[in-house]
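Chain by chain, the residues run as shown.
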Amino acid sequence: MSVTARPDSQDMRTWAVSARELVKVYGAGETSVTALRQVSVAFASGTFTAIMGPSGSGKSTLMHCLAGLDTVTSGSVLLGDTELVGLGDKQMTLLRRQRVGFVFQAFNLLPTLTAAQNITLPLDIAGRRGADPAWRDRVIDTLGLRDRLGHLPSELSGGQQQRVACARALITRPDVVFADEPTGNLDSRSSGEVLSFLRMSVHELGQTVVMVTHDAAAASYADRVVFLRDGRRTDEMTEPTVERVLEALKTLER
Amino acid sequence: MLSITLASLRAHLGRLLLSSAAIVLATAFVAGTFVFTDAMRSSLLGAFSQDLGRAGAVVTAPGDRDMPGDVLSAVRRVPGVVHAERRAVWDAALRSGDRFEPATIVSIAPGSTVGWPKVVQGRLASRPGETVLGHDAAQRGGVGIGDTVGVPLHWEGVVDRERETRKLRVVGLVDPGSAPRYSSGAFLGVTDEQLRELTDEVKVASVLAVAAGELPPAELAARIDRVVGRPYVVRTAEEQAQQEVSSGGLTAGVTAGLLAFAGIALFVAGIVIANTFSILLVQRTREMALLRCVGVTRGQVFRSMLAESAALGLAASVVGVLTGFGLAYGVGAALSATFEGFPFGAVALSATAVVVPVAVGLAVTIGAALLPARAATRIPPVAALRDQGIPTRRGGRTRSVLAMAALLTGVAGMAVGTLVRTDTAGFIAAFAGGVLTFLGILLAGPALIPPLVRLVGATLGRWLGAPGRLAAVNAVRNPRRATATASALLVGVTLMTIMSVGAASLQATVTAQMDEEFPVDFMVRSGEGNIPPALVEDIRGIPGLSDIAIVRGTTTSLNGQKIAISGVDPHQLAAVTSQLPSICGLRPGQAVITQPLARTLRITPGDTLHLPPATHTGHQDGTGSGKGDQDSSDPATATAPSTGNQHGPGNATGNQHGPGNATGNQDGTGNGEGDRETTGIGNGIGDGGGQARGLTITSIFPTKGSAAVVYLTHQDLDRLYPDATIGGVYAQAEPDADLLAIGAAIDRATTGSSVTVTGTAKTQATYSELLDTLLLVVTALLAVAVLIAVVGIANTLALSVHERTRESALLRALGLTRGQLRATLAVEAALLAAVGSLLGAGLGTLFGWVGLTSMLGPSFGIVLDVSALHLAGLIAVAVLAGLLASVLPARRAARASVVSALASE
Ligand SMILES: Nc1ncnc2c1ncn2[C@@H]1O[C@H](COP(=O)(O)OP(=O)(O)O)[C@@H](O)[C@H]1O
Ligand SMILES: [Mg+2]
C-alpha cells in the first residue's frame, strides 16, 4: 500500500481532475445518508484509473460529483484548474459539454439517432459544425465502428452500443472521460473489447479515463485503482492485476 | 379487480389529470349551452308574457287570421270570465311632417283590466280619435298629452307622401315593457274601433280573458275551449308565451348552433383522451403483462380499463358541468351588461343541463377507451419479461383501406357537388364529400402527418440547431401519437379556416360583382331626380372623399319605350371609377346605351341615335332607383320601366353606314325595314348646331337588368334637355379613408331627402362588418375545440417527457442545457401544432371553396379568395399555443435532476 497521491503534493504532474475533502450528504435530518466522507483524490492526465468498492460505497456518487453532474455538500472539485463547487447549472452544463465525456452502464444512446448521429451528438448540442475529421475517423476506426455508422442503437449489439458510447465520449477530446460500470451489462468478450479500447484511448490517444467498476477483471485494465468503502477512500494500487485487486477487495469487505 | 383499478387510477392520476381537462372543457361547453339558452329562454318568456298582463287565457286564430267579434262575445259569456278583450296588432308608421317612423299600433279596450300597458301618465284611449303613446317615443318626438300624432291610413310599409294621414290625440303615456314585438319604433294604443278604421290588415289578433278570483288558468282555458272550439286555439297565458318564444325559433336555433360547436369540442376531446389512453397503455404494458402473469383474465383487463375510463369520465364531466354553469353565467352576464336588452334571465338549473353533459362526457370518455382497452387485452403475459414495450402495430390494413375509400368517395363527392349546377343536391354531395374526405385524412393521418412533421422539422432543424433536430425526430418517433395530437388541432383549424375562407370569398364576390356592375364607392341617387344642389355641396364637404361626379338626367320616350337619359362629365366620372372606360370616354356628340335598349332598338356601335325631347321635363324617373325597385345591376340605376313594347322586325332600325349622312327626324316613331330616315336612329352626327339630336353610339354597356339608359355628356344633355335635373352624386373615397365614417356622414347629410345611398364602399363596409362579426363569433366558439387540442398537445408532451426521463438525463449529462432541453420540447410542440394547423388551413381552404361553389353554383360567378393574413394569424396562434402547451412539461423535464433521472428505471 503506497502513499496516496494528494492533489496538493509537490508532484509536478498535471491533474485532469481532483477532489479535496469531498462530502456528499443525501437528504436531510433523520433520513439523511452520507455517501462521501472527506474524500480527497486526484487523477493525472493521460492515465486510466479505476474506482472500486463494494456496492453502496459511494463510487457512483464520487463520479457524479467529479463530473459536475451533481452538487457536493462540502469540499472542492477541480476540473483542470476550474473549481466546480459553486458553479451554476448552466456553467456546469457547458463545462460537461466541452470538457467531460461519459460512458454509462446502460442507456447510453438515443434510440432515435443512428450510431453516427449519437457519436457526434455532443458536438451537435454544442452547435459545432462537425468534428475535426481526422480525429473523428481515428476514433471510429479505433473502435471498429466504420460499418455500423448508419445503424440505430436497436440494431447494434450491447458491445457495439458501448463502443459507440465510448466514441461519443471521446469525440470532443474531453479533459476526462468518466465511465460508470461501462461493462456491467456485457459478456466477457465484449467487455474485453470495450476495456481494451478505453486503455488504448489513454495510452495511444492521450485521453484521461476514470472508470467506476466492481469487477476486478475490469479494474485490471487500469493503471491505478482507488478503493472506496463506506464513502471513504481507503487505499489505492498501481499496476493492478486481477489477483491483487480481488485480494484488496477481500480485505475491504472484511 | 376493482381495487386494482382504483389503485392504478390513483397511481396514474397525475398523468390523467391533464387529459381529463379536455373532457372538462367539452362538457363545460355542453352544460354552458343548456344553461345559457335556458337563461335566454326564461328571459324571453318573461318578456313575451308581459303584454298578457293579468289575462289567464288567450284565444288565437290559426294562421294569425283576424278574430271575429262573435268569438269575443262568446268568451265574455264563459262563466268565470270577468273581462275579455280583443287585441289586434298592426305594424304601421307615425308621420311627422315628411318624416316617417315605424310604429306598432295595438288595440286596447277602454276599461281593460288586463293591466298592460302600464299607464305612466294620463289614461287609456276610450274613443276613436284618441291614442296612448309609448313614453320613450313621446320623449323622442317631444310629444305630450293633448298633442296630436299622425298615422298614415292603410300603411303598407312604403314611404308614400300622398297617402291620407289620420290625426290622433294623445291622451296618455304608457310603458309597453320590453317585449320584442313592441321594441322597434313607437308604441300606440287605440280602441279596437279606431284600429279597424286605420287598417284592414292586422298582423296578430287574439282574445284575452281575465278570470275571476281563484280560477286556475288551465280551468279557464278549458272552459273557453269548450265554447269557442275549432279552429281557434285556446292557451293559458303561460302556454301562449312559451308558444311565442318557441315560434320565434331563436332559442331553438341558438341551442342547436351552440350544441353543434359543443359536438365538435367533444369530438376533439375524444381524440385527445383516446390518445392519452393509448399512450398510458404503452407505458403500462409491463404492469398489464404482470397482471396477466398472475392470472388476471383478458375480460378483467378490458373491464378494468373501461372502469378506469368511466371513473375518469364521470369525475371530469361533473367538474365540466360546474365549470360550464359558471362560464354560462359569466358570459351571459357580460353580454347583458354589454348589449342592452340582451335576453338573459335567472334560471333554475334544469335536469337536462346536468344530466346530458355528464352522460355525453361519460360516453365520450368510455368510447375513447374502447380501442386502447381492446389493445390491452392483447398484451401477452410474456411482455412482462421483455425489455421493450409491445411493438407498436403498424397502421392496420383495414385502416388504410378505409382511408383510401373515404378519400376517393369524398373527393368524388366534392367534385360532383362543385360541378353540378346550383342545387341543394350539389351542396349535399359536396358536404358529404367534404366530411368523408376529412375522415379519410384523419384515418390516413399516420401515413400523412409524420412525413409532414419530418419535412417541417427538417426545415426548422436547420435554423434551431440540436434542439430543433432532436425535436423533429422526437415528434414522430411514435407516429400514431403524433398523428392523434396533430389531428385534434386539425379539426378546429380546418373549421376555422372554412369560416375564414368563406367570409373572404363572399366579400370578394360581393366586391367583384359590384365592380362589374357599377363600381363607385358611394352613390347618392334620387328616384325623382330632385337632388337639391345644396345637398351636392354638403356631400362635397364630407371629409375623406377625393372626387365627386354629378349625374344629371331626364326621361324620354322612344318608340313608346320609356328611356332614361343620363348626362355625365366623363372627366369627373373617370375620377370616381376606373371601371367604366366606355362611359368615361364619351365626347360631345357621342352616347353609350345599355344592352337591353340596344337590343330593342337594334343598335350596334357606330350607329346614330336620335333622341326625342323630354317627356316631362325636370322629372326623370329613369335616373335613380325607383321606389321599391332595387335593380342594383343597373348603372346609374336608371331602371326605365320595361314597357313591354315589342318592336316588330325592322321597326325603328335602319343601319346605314356612310359618312355625311346627317339626317334623322325627331318624331320618335319609326317603321319599315331599311327606312333610311328612321326616327331615333340614323347615322352620322348632326351638323345642324342645336338642332341636331343625333348622337353616335360608341359602345353598348352590358347590364344584367332591363335598364334602358342613354349615357351622354353634360354638354349634349344641356343642349338637348336643358331642364334636366340632378339625379345622382357619385363619390370616391380617399384610399385609406374610414368608409364607415363617410357612409355615416352621407347618411346624416341625406336624412330627410328621398334619396338612396348605395355604392361599393358602403356595401363593402356593411358586408365586412357583418361578416367580421359572424366570423368572430364562430371563431370564438371553435376556439374551445382548438383549446382542447392544445391541452392534447400539452398532454402528449407531458406523457412523452415522462417516458423519456432517462433520455433527457443523458442529454443533460452530455451538455444539453436546461434551456436547450426546454427548447427541444417547445419545438416538438410547435412542430405538431404547425403541421396540424398548416394541414387544417389547406383543407379548410379547399372545403370552404368547394362548399361555397357547390352552394352558390358555378354560374353564380363566385370569386374564391383567402385572407392570407387571417390564415397566417391562425397558424401563428396555433403554433404559439403549442409553444405555450410545452411550457409545463418542459419545466418538469428541465427541473429533473440529472443523477436521479439517470438512475430511474
Ligand atoms: N439520490 C440518492 N438519495 C439518497 N441516497 C442515495 C442517493 N444516491 C445514492 N444514495 C446512497 O448513497 C450511498 C452511495 O451510493 P452509490 O454512490 O450509488 O454507491 P455505489 O455506486 O458505490 O454502489 C448508498 O448508501 C446509497 O444508498
Ligand atoms: Mg453505482
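Residues numbered from 1 in each chain as written. Chains lettered and ligands numbered in written order. Predicted model: local features only at pLDDT ≥ 70, side-chain atom pairs only at ≥ 80, totals over all residues. Heavy atoms only, no water.

**Considerations on the overall build of chain A**
Alright, step 1. In terms of regular secondary structure, chain A is built from nine helices and 10 strands.
Alright, step 2. The C-alpha atoms of chain A give a radius of gyration of 18 Å, which matches the 18 Å a tight globule of 254 residues would have.
Alright, step 3. For the C-alpha atoms alone, the extent of chain A along its principal axes is close to 50 × 40 × 40 Å.
Alright, step 4. Per-residue burial over chain A gives 54% buried out of 254 residues.
Alright, step 5. Put simply, chain A shows about 11000 Å² of open surface, and 48% of that area lies on carbon and sulfur atoms.
Alright, step 6. Positive and negative side-chain charges of chain A, numbering 28 and 29 respectively, have mean locations separated by a distance of 2 Å. (Helix = DSSP H or I, 4+ residues; strand = E, 2+ residues; numbered from the N terminus. Rg over C-alpha atoms; globule rule 2.2 N^0.38 Å. Buried < 20%, exposed > 50% of the residue type's maximum accessible area, 1.4 Å probe, protein only. Areas by Shrake-Rupley, 256 points an atom, 1.4 Å probe, with all protein chains shown as cover. Lys, Arg positive; Asp, Glu negative; His and termini not counted. Charge placed at Lys NZ, Arg CZ, Asp CG, Glu CD.)

**A short note on the sheet that holds strand β1 (residues 15–26) of chain A**
Pairing between the strands of a sheet is mediated by backbone hydrogen bonds and can be parallel or antiparallel.
Residue and element names in this part refer to chain A.
Alright, step 1. Strand order in the open sheet made by the four strands is β2-β1-β4-β5, with antiparallel pairing throughout. Edge positions in the sheet fall to β2 (33–44) and β5 (82–83), since each of these pairs with one other strand and no more.
Alright, step 2. Each of β1, β2 and β4 (74–79) touches helix α1 (residues 59–66); the most contacted strand, β1, lies at about 120° to it. (Pairing = 2+ DSSP bridges. Contact = heavy atoms within 4.5 Å. Axes fitted to C-alpha atoms, helices over the stretch in contact; angles between N-to-C directions.)

**Overview of the packing of helix α23 (residues 868–885) of chain B against helix α24 (residues 887–895) of chain B**
All names here are of chain B.
Alright, step 1. Two numbers describe how α23 lies on α24: the axes approach to 5 Å, and their chain directions differ by 35°. Across from L883, L884 and A885 in α23, the residues of α24 making contact are V887, L888 and P889.
Alright, step 2. Looking at side-chain class alone, the contact of α23 with α24 contains six nonpolar, no polar and no charged residues. (Nonpolar A, V, L, I, M, F, W, Y, C, P; charged D, E, K, R; others polar.)

**Let's talk about the site of ligand 1**
Residue and element names in this part refer to chain A.
Alright, step 1. Around ligand 1, the neighbouring residues are Y26, V33, A35, P54, S55, G56, S57, G58, K59, S60 and T61.
Alright, step 2. Within the backbone of K59, one N or O atom sits 2.9 Å away from an oxygen atom of ligand 1.
Alright, step 3. Between an oxygen atom of ligand 1 and a side-chain N or O atom of T61, the distance comes to 2.4 Å.
Alright, step 4. If ligand 1 stood free it would expose 560 Å²; the protein chains cover 59% of that surface.
Alright, step 5. At the level of secondary structure, the elements contributing two or more residues to the shell around ligand 1 comprise β2 and α1.
Alright, step 6. Of the residues forming the shell around ligand 1, the biggest block, three residues, is contributed by α1. (Near = heavy atom within 4 Å. Polar contact = N/O pair within 3.5 Å; in protein donor to acceptor, adjacent residues only side chain to side chain.)

**Topic: the confidence of the model for chain B**
Residue and element names in this part refer to chain B.
Alright, step 1. Here chain B shows a mean pLDDT of 78. Residues at 70 or above account for 84%.
Alright, step 2. Per-element averaging of pLDDT across chain B places strand β16 (residues 681–682) at the bottom with 40 and α23 at the top with 91.
Alright, step 3. Listed scores for the predicted complex are pTM 0.71 and ipTM 0.85. (pLDDT = per-residue confidence, 0-100.)

**Remarks on the interface of chain B and chain A**
Alright, step 1. The interface of chain B with chain A comprises 21 residues on the first partner and 24 residues on the second.
Alright, step 2. With both sides pooled, the region where chain B packs onto chain A buries about 2100 Å², and carbon together with sulfur makes up 65% of that total.
Alright, step 3. The three residues of chain B that bury the most area against chain A are B:L810, B:L814 and B:V899, which together make up 28% of that side's buried surface.
Alright, step 4. Salt-bridge contacts for A:D89 lead to B:R818; the nearest nitrogen and oxygen are separated by 3.4 Å.
Alright, step 5. Where chain B packs against chain A, one counts nine residue pairs in polar contact (both at pLDDT 80 or more).
Alright, step 6. Elements with a contribution of two residues or more to the side of chain B that touches chain A: α12 (424–475), α21 (805–813), α22 (818–856) and α25 (898–903) of chain B.
Alright, step 7. When grouped by side-chain class, the residues that make up the side of chain B that touches chain A number 11 nonpolar, four polar and six charged. (Buried area = accessible area lost by both parts, 1.4 Å probe. Salt bridge = Lys/Arg side-chain N within 4 Å of Asp/Glu carboxyl O.)

**Topic: the pairing of strand β8 (residues 186–190) of chain B**
Note on strand geometry: in a regular strand, side chains alternate between the two faces of the sheet.
Residues and elements named next belong to chain B.
Alright, step 1. The buried fraction of β8 amounts to five of the five residues, a majority that puts the element mostly inside the structure.
Alright, step 2. Across the two faces of β8 the burial is the same, with A186, L188 and V190 and F187 and G189 all buried.
Alright, step 3. The pairing of strand β5 (residues 130–134) with β8 spans two bridges and is classified as antiparallel. The residue of β8 that forms the bridge with L133 is L188.

**Quick notes on the packing of aromatic side chains**
Alright, step 1. Per the stated rule, a full pass over the model turns up six aromatic pairs over all chains.
Alright, step 2. For the pair B:F438 and B:F847, a centre-to-centre distance of 6.3 Å together with 75° between the ring planes defines the contact as edge-to-face. Here B:F847 lies in helix α22 and B:F438 lies in helix α12, a separation of 409 residues in the sequence. Like B:F847, B:F438 is buried.
Alright, step 3. Within the aromatic cluster, the residues linked to one another by ring pairs are A:F102, A:F104 and A:F178.
Alright, step 4. Against the face of A:W135 rests A:R173, its NZ or CZ located 4.2 Å from the ring centre. (Phe/Tyr/Trp six-rings, centres within 6.5 Å; stacked < 30°, edge-to-face > 60°. Lys NZ or Arg CZ within 6 Å of the ring centre and 35° of its normal.)

**Some thoughts on the nonpolar core**
Alright, step 1. Within the largest apolar cluster, 149 residues are counted, with the highest numbers of intra-cluster contacts made by A:L22, A:L69, A:F102 and A:F178.
Alright, step 2. The leading source of residues in this core is helix α7 (residues 250–283) of chain B, at 14 residues.
Alright, step 3. Setting aside residues no more than four positions away along its own chain, A:L69 makes contact with A:H64, A:R96, A:F102, A:F104, B:A813, B:V898, B:V899 and B:L902.
Alright, step 4. Core analysis: the next-biggest nonpolar cluster, separate from the first, contains 45 residues, A:L156, A:F197, A:V202 and A:A218 among them. (Core = buried A, V, L, I, M, F, W, Y, C linked by side-chain atoms within 4.5 Å.)

**Comments concerning the pattern of salt bridges**
Alright, step 1. What the rule picks out here adds up to 27 salt bridges over all chains.
Alright, step 2. Between A:R146 and A:D137 there is a salt bridge, with the nearest N and O atoms lying 3.3 Å from each other.
Alright, step 3. For A:R146, a relative accessible area of 39% gives the class partly exposed.
Alright, step 4. Classification of A:D137 by relative accessible area gives partly exposed; the value is 31%.
Alright, step 5. A salt bridge links B:R166 to B:E197; its shortest N-O distance comes to 2.4 Å. Remark: B:E197 occurs in helix α4 (residues 192–198) and B:R166 occurs in strand β7 (residues 165–175); sequence separation between them is 31 residues.
Alright, step 6. Salt bridges here are not isolated pairs; linked through shared partners, they connect A:R136, A:D137, A:D141 and A:R146.

**Focus: empty space enclosed by the protein**
All names here are of chain B.
Alright, step 1. Summed over the entire model, instances satisfying the criterion amount to four cavities of 30 Å³ or more.
Alright, step 2. Computed from the structure, the largest cavity encloses a volume of approximately 110 Å³.
Alright, step 3. Residue lining of the largest cavity: L470, N474, S800, V801, R804, E807, S808, L811, L821, T824, L825 and A893, and that is the complete set.
Alright, step 4. Only α12, α20 (760–803), α21 and α22 provide two or more residues apiece to the lining of the largest cavity.
Alright, step 5. Counted by class, the lining of the largest cavity contains six nonpolar, four polar and two charged residues.
Alright, step 6. I4, R284, M288, L291 and S304 are, among the 11 residues lining the second largest cavity, the residues nearest its centre.
Alright, step 7. Looking at the lining of the second largest cavity, the elements that each hand over two or more residues are α1 (2–50), α8 (285–293) and α9 (298–338).
Alright, step 8. Across the lining of the second largest cavity, the residue classes break down as five nonpolar, three polar and three charged. (1 Å grid on protein atoms, 1.4 Å probe; cavity = no way out; pocket = protein on both sides within 12 Å on 5 of 7 lines; lining within 4 Å. Points joined across faces, edges and corners; volume = space filled by probe spheres on them.)

**Here we look at the environment of B:V282**
Alright, step 1. Tracing the sequence through the fold places B:V282 in helix α7.
Alright, step 2. A sequence separation of 93 residues divides B:V282 from B:A375, and the C-alpha atoms of the two residues are 9.7 Å apart.

**Things to note about helix α6 (residues 158–170) of chain A**
All names here are of chain A.
Alright, step 1. End to end, α6 covers 19 Å across 13 residues, agreeing with the expected 18 Å (1.5 Å per residue, within 8%).
Alright, step 2. Burial analysis of α6 places 11 of its 13 residues in the buried class, which makes it a mostly covered element.
Alright, step 3. Every buried residue of α6 is listed here: G159, Q160, Q162, R163, V164, A165, C166, A167, R168, A169 and L170. (Expected span 1.5 Å × (residues − 1).)

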